[in-house]
Each structure stands twice: as structure tokens, then as C-alpha cells.
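Listed here are the chains, written in short residue letters.
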Amino acid sequence: PSKLFRPPVEGRFGPLGVNAAAQRREPDSLLSWMERVIRRRRETPELGWGTWQVLETDVPAVFAHRCDWNDRTVVAVHNLSADPSVVKVELGEVPGEPKLDDLLDERPAIDAIEGTSIELKLERYGYRWFRIRQPDQRTPP
């Protein structure tokens, strides 16, 4: 301890209050969330291998992009503002009658795509990742 640059944090945020062993057992912990996001990212090759494009939104603080790879598409929408927002996202070309599967949450798929756009409610600094899927298309988990 005498060689440490700063002494360990005491109290609620110290090693006795926050540690990996405790967070592994807690499904709502930051560690569990980070492991789920990393796992989902690995299961989504569109993000790493696909061609990407920035999507139009009607809220300047919302960043949305789309990645296409092997006839599969993923859309990621991020609210970069401290204020919640309702945003309309232009998806671009979407053939057929697609559904949007939420990749980061247990929410049900979004069935209603109005033409080539969707409307989302995002919390402050909120985010949503979707896979665009045709009704007969099989996709990874």
C-alpha cells in the first residue's frame, strides 16, 4: 500500500463495496451490463464487417447509423443529450415488410415502420440497437 500512488478508495465505492465477485452475481450491475453488451457486439458481425452510413434524424443530438452485411442490417441510435427525446429516424431503403428486433433489451420487436422511418423515445443518453429482419429471415440471436 505504501507504494500506491493514491490510497485505495474507502466506503461505498471502495473494494469492499464494489468488486467484480459481487457484481458477477448481480444481474443489474455495471459489470453484467458490460458483459452483455460485449457479447451482443460479438454476435453482431454487421457492426464490424458491414458497410455503414449515417442516418438522418430530426433531433441534432441524436446520432444514428446503419450497418449492412450479407443481406442483414443493424441500426444503432444514440441520444447524446442530457435531455430525453422523441426522434424520427430515416432508415433508408428497407425492402419488404421488415420487423425491428431490439438487440440490447427484452422489448418486443417494432412492427410498425412508417415507410422508411421509425419514431423512438430515447431517455437521456439513451440508446437502441435494432436488427432489421424480414419475416422469413433467420438471423443470429
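Residues numbered from 1 in each chain as written. Predicted model: local features only at pLDDT ≥ 70, side-chain atom pairs only at ≥ 80, totals over all residues. Heavy atoms only, no water.

Engineer: I'm lost on the overall build of the protein in this one. Help?
Structural biologist: Secondary structure assignment for the protein yields three helices and seven strands. Counting from the amino terminus, helix and strand elements in the protein follow one another as α-α-α-β-β-β-β-β-β-β. For the protein, whose C-alpha radius of gyration is 19 Å, the value lies well above the compact-globule estimate of 14 Å for 141 residues. Burial statistics for the protein: of 141 residues in total, 33% are counted as buried. Taking the contacts inside the protein whose residues are at least 6 apart along the sequence as the reference set, 59% of them involve residues at least 24 apart. Accessible surface, the protein: about 10,000 Å² in total, of which carbon and sulfur atoms supply 54%. On the protein, the mean spot of the 21 positive side-chain charges and the mean spot of the 23 negative ones are 9 Å from each other. (Helix = DSSP H or I, 4+ residues; strand = E, 2+ residues; numbered from the N terminus. Rg over C-alpha atoms; globule rule 2.2 N^0.38 Å. Buried < 20%, exposed > 50% of the residue type's maximum accessible area, 1.4 Å probe, protein only. Contact = heavy atoms within 4.5 Å. Areas by Shrake-Rupley, 256 points an atom, 1.4 Å probe, with all protein chains shown as cover. Lys, Arg positive; Asp, Glu negative; His and termini not counted. Charge placed at Lys NZ, Arg CZ, Asp CG, Glu CD.)

Engineer: Help me out: how do you make sense of a negative patch on the surface in this one?
Structural biologist: Taken together, the side chains of E56, D58, E90, E114 and E119 make up a negatively charged region of the molecular surface. Tracing the backbone shows D58 in the loop between β1 (51-54) and β2 (62-69). (Patch = residues over 30% accessible without salt bridge, like charges linked within 9 Å, V, L, I, M, F, W, Y side chains within 5 Å. Salt bridge = Lys/Arg side-chain N within 4 Å of Asp/Glu carboxyl O.)

Engineer: Sorry, what's going on with the side chain of S85 here?
Structural biologist: Its place among the elements puts S85 in strand β4 (residues 85-90). If near-sequence neighbours (up to four positions away) are discounted, S85 is found in contact with V59, V62, N79, L120, K121 and L122.

Engineer: Just to check I follow, could you spell out the sheet that holds strand β3 (residues 72-79) for this structure?
Structural biologist: Strand pairing in a sheet takes place through backbone hydrogen bonds and is either antiparallel or parallel in direction. Strand order in the open sheet formed by five strands is β1-β2-β3-β7-β5, with antiparallel pairing between adjacent strands. Looking at strand neighbours, the two that pair on one side only are β1 and β5 (99-102), the edges of this open sheet. Each strand axis lies, on average, 25° off the axis of its neighbour in the sheet, ignoring direction. Pairing analysis gives six bridges linking β3 to strand β7 (residues 127-133), with the strands arranged antiparallel. (Pairing = 2+ DSSP bridges. Axes fitted to C-alpha atoms, helices over the stretch in contact; angles between N-to-C directions.)

Engineer: How should I be thinking about the environment of R41 in this particular structure?
Structural biologist: Tracing the backbone through its elements, the reader meets R41 in helix α2 (residues 30-42). A C-alpha to C-alpha distance of 9.6 Å links R41 and L104, two positions 63 residues apart in sequence.

Taken by themselves, the reported measurements are silent on function.
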